[in-house]
Amino acid sequence: MRIHRLSLYQYKNYEAADVHFETAFTCLTGPNGAGKTNLLDAVYYCSFCRSARHSVEDQNLMHGRDGFRIHGRFEHQGHPLEVEVRYRRGGTKEVLCSGERYTRLADHIGRLPLVLTGPEDMALVDGYSEERRRFLDSALSTVDRSYLDALLRYNRALAQRNAALRRYREGQPADPLLLDSYSEHMQTSGALIQALRAQFLAELLPLFAECYRLISRQAESPGLDWVASFPSDGDLVALHRRDRQRDIGAGRTGSGPHRDDLALLLDGHPAKLLGSQGQKKTLLYALRLAQWLWLGGKLGSPPLLLLDDVFDKLDRARVESLFSLLASHSAAQVLISDTNLNRVEEVFRSIGVACQSIAVEPGRIVAPA
Amino acid sequence: MNLPSRLMEDAVEAFASLPGIGRKTALRMVLHLLRRDAADVDRFGAAVVRLRREIRFCQTCRNASDADVCSICANPTRNKGMVCVVENIRDLLAIEQTGQYHGRYHVLGGVISPIDGIGPDQLEIASLLERAKAGEIREAIMAVPPTIEGDTTIYYLSNRLEPLGVKVSTIARGVSFGGDLEYVDELTLARSIATRRPYSNAAGPESSNP
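Calculation rules
- Residues numbered from 1 in each chain as written.
- Chains lettered and ligands numbered in written order.
- Predicted model: local features only at pLDDT ≥ 70, side-chain atom pairs only at ≥ 80, totals over all residues.
- Heavy atoms only, no water.
- Helix = DSSP H or I, 4+ residues; strand = E, 2+ residues; numbered from the N terminus.
- Rg over C-alpha atoms; globule rule 2.2 N^0.38 Å.
- Buried < 20%, exposed > 50% of the residue type's maximum accessible area, 1.4 Å probe, protein only.
- Areas by Shrake-Rupley, 256 points an atom, 1.4 Å probe, with all protein chains shown as cover.
- Lys, Arg positive; Asp, Glu negative; His and termini not counted.
- Charge placed at Lys NZ, Arg CZ, Asp CG, Glu CD.
- Salt bridge = Lys/Arg side-chain N within 4 Å of Asp/Glu carboxyl O.
- Pairing = 2+ DSSP bridges.
- Contact = heavy atoms within 4.5 Å.
- Axes fitted to C-alpha atoms, helices over the stretch in contact; angles between N-to-C directions.
- Domains from an automatic or database assignment.
- Buried area = accessible area lost by both parts, 1.4 Å probe.
- Polar contact = N/O pair within 3.5 Å; in protein donor to acceptor, adjacent residues only side chain to side chain.
- Nonpolar A, V, L, I, M, F, W, Y, C, P; charged D, E, K, R; others polar.

**Q** How do you make sense of the overall build of chain B when you look at a structure like this?
**A** Per the secondary structure count, chain B includes nine helices and six strands. Over its C-alpha trace chain B gives a radius of gyration of 22 Å, far above what one expects of a compact globule, namely 17 Å for 210 residues. When the backbone C-alpha atoms are referred to their principal axes, chain B occupies close to 65 × 45 × 40 Å. Across the 210 residues of chain B, 34% fall into the buried class. Summed over all atoms, the accessible surface of chain B reaches about 13400 Å², with 55% contributed by carbon and sulfur. Here chain B contributes 25 positively and 26 negatively charged side chains, and the mean placements of these two sets differ by 4 Å.

Take a look at the structure:
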């Protein structure tokens with residue numbers, strides 16, 4: 001996956017901007033608030049049909065304007081691909097791929113594979129289990145339609161079961177057969193979800209450990225522990241039957257793959273509780289890089305990689321190791337943002353890799369720095 | 001849109017309350033009725049009034065009917081032991097249209113969906129079980145949509161029907177006739193492969209509809 005050019009019109013703080021990406025590494029530099037993250041966000045938008053930061057479209061609109069447009073020129077496995085996003089205030093958004101408009105935005109997801117990590121991404125290490133399930137779901141859905149299908153069916157059955165539980169809590173007589181029927185659905189799709197998650201983690205772990213070792217250059221060994229709320233060969237229907245009264249009291253379903261969690265470990269101990277800030281940041285980068293490598297392996301070419309504010313997370317030595325690792329993948333394209341131009345240039349000079357610098361001033365792109 | 005007459009306004013509002021009819025179309029219909037003979041319009045109005053007042057729902061299958069028992073249930077040439085379970089009358093009509101089904105029906109009036117406040121009690125499930133208990137049904141064919149809600153309804157019904165000695169089947173799901181495989185969505189295609197049938201069994205409607 002390569003991006004060649006990005007044009008913005010009235011997107012966030014950009015009146016109009018046009019950026020050409022010339023090398024495998026591009027660094028956006030400029031002061032805080034200049035719009036580096038917004039530029040990366042526009043690239044993200046082309047891939048996921050939404051902003052990584054704002055789910056309300058009007059918040060993506062330049063202040064006081066009526067619409068925005070994002071146009072990206074990409075190349076995927078040798079084929080040129082143009083993505084255009086148009087949004088009008090109060091209207092619907094349109095996404096076009098090489099001139100053809102999607103009727104369902106979901107059809108576009110996965111066509112431009114991309115991995116982003118930025119300041120808000122620490123939630124993956126520090127936040128609730130939901131963040132880590134979303135990490136797995138998004139990676140697996142990108143490469144496996146059957147996973148996405150099982151996940152959608154599972155979530156629908158779960159929502160219906162929870163709606164039934166709430167009615168029973170309010171005094172309607174409980175119908176065990178109906179609850180069982182949802183549990184059966186959840187068992188069937190849940191077994192596939194858990195099997196694919198387990199397989200994914202088994203494949204991810206060596207990549208993750210290797211990335212961690214390369215970035216940190218420390219002896220501590222990282223690990224991933226899948227905390228399943230029921231064994232994959234277990235009987236979810238029986239478990240739900242046992243916990244029926246508790247579920248009715250709570251008005252929701254207490255067990256199943258929707259309660260699973262991924263524990264990040266350092267030397268066998270949960271990093272969320274015991275890791276230092278530096279260790280956690282390294283874990284985050286190792287996890288995102290492992291995801292990037294895994295997707296690249298599955299898809300045949302590496303996804304676009306966006307590293308927002310990379311020096312905020314890692315010290316200079318770790319950044320050097322990270323960039324050297326990325327530079328060893330010839331097909332990779334990486335967009336980086338940082339506030340300090342000199343710092344970035346020094347890193348690239350010391351590892352001997354070419355990097356295109358683009359200076360961003362509030363709301364505009366200054367010619368190559 | 002300000003209309004010159006209160007009567008027109010009421011009529012436009014009445015038409016616009018129908019599914020798929022907006023105010024403009026409703027106005028066109030009203031203006032058309034104004035040009036017609038008064039007797040014609042009387043017949044039109046009477047048809048609507050009588051429809052709601054006099055329609056009955058079949059005691060056996062809940063299909064719309066002029067009598068207590070609908071024309072399908074009253075037809076002695078139709079296979080009594082075979083009952084096709086459908087969500088609504090529209091689906092019943094679609095199956096009737098094929099002319100290939102010679103059993104009877106049971107109209108549920110929906111599918112189970114607690115999110116929408118529809119539990120088993122809101123549907124015609126008790127009446128279906130009554131029919132099964134009376135020994136009337138040998139096979140129940142589930143012709144409901146292939147969604148979680150539809151599948152839940154099938155699961156629920158089959159658990160109630162099978163203990164009563166009823167064989168439960170579902171309609172086949174897969175590639176439609178006359179379509180190119182490349183245009184079939186991945187999910188349908190994947191299921192069609194998974195639930196493939198031996199070629200010798202894939203015979204015409206005569207053998208699949210005893």
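**Q** Is there a simple way to think about the pattern of salt bridges in this case?
**A** It is possible for side chains bearing opposite charge to pair when their charged atoms get close. Inspection of the entire model under this criterion finds 47 salt bridges over all chains. Between Asp151(B) and Arg153(A) there is a salt bridge, with the nearest N and O atoms lying 2.7 Å from each other. Remark: Arg153(A) occurs in helix 4 (residues 145-169) and Asp151(B) occurs in helix 7 (residues 148-161); the pair is interchain, linking two chains. For the pair formed by Asp151(B) and Arg153(A), the shared burial category is buried. The structure contains a network of salt bridges with shared partners spanning Arg69(A), Glu84(A), Arg86(A), Glu94(A) and Arg101(A).

**Q** Would you explain the sheet that holds strand 10 (residues 261-266) of chain A in this entry?
**A** Strand pairing in a sheet relies on backbone hydrogen bonds, with the paired strands running either antiparallel or parallel. Residues and elements named next belong to chain A. An order of 9-10-11 is seen for the three strands of this open sheet, with the pairing classed as antiparallel. The sheet is open, and its two borders are formed by strand 9 (222-227) and strand 11 (269-270), each paired with just one other strand. Bridge analysis of strand 10 against strand 11 gives two bridges, and the strand direction is antiparallel. Residue pairing for strand 11: Leu266 is matched across the bridge by His269. Taken strand by strand, helix 5 (residues 176-216) contacts strand 9 and strand 10, and its axis lies near 160 degrees from that of strand 9.

**Q** Got a minute to help me understand the domain arrangement of chain A in this structure?
**A** Interfaces are often sized by the accessible area lost when the parts come together. Residue and element names in this part refer to chain A. Here chain A is described as being made up of domain 1 (1-113 + 303-369) and domain 2 (127-299). Distance between the C-alpha centres of domain 1 and domain 2: 30 Å. Residue-level contacts link 19 residues of domain 1 with 18 residues of domain 2. Summed over both partners, the interface of domain 1 with domain 2 buries about 1700 Å², with 70% contributed by carbon and sulfur atoms. When the buried surface of domain 1 facing domain 2 is broken down by residue, Pro303, Lys313 and Arg318 rank first, second and third, together holding 34% of it. Linking domain 1 with domain 2 are zero salt bridges. Listed by contribution, the elements that provide at least two residues to the side of domain 1 that touches domain 2 are strand 12 (304-307), helix 10 (310-313) and helix 11 (316-327).

**Q** Is there a simple way to explain the interface of chain A and chain B in this structure?
**A** On the chain B side, the residues contacting the 18 residues of chain A number 18 residues. Taking both sides of the interface into account, the surface hidden between chain A and chain B amounts to around 1700 Å²; carbon and sulfur atoms contribute 59%. Among the residues of chain A in contact with chain B, Arg153(A), Gln160(A) and Leu177(A) are the three that bury the most area, contributing 31% of the side total. Remark: the boundary between chain A and chain B carries three salt bridges. Inspection of the region where chain A meets chain B yields eight residue pairs in polar contact (both at pLDDT 80 or more). Elements represented by at least two residues in the side of chain A that touches chain B include exactly helix 4 and helix 5 of chain A. Among the elements that make up the side of chain A that touches chain B, the one with the highest residue count is helix 4 of chain A (10 residues). Taken together, the residues of the side of chain A that touches chain B sort by class into seven nonpolar, three polar and eight charged.

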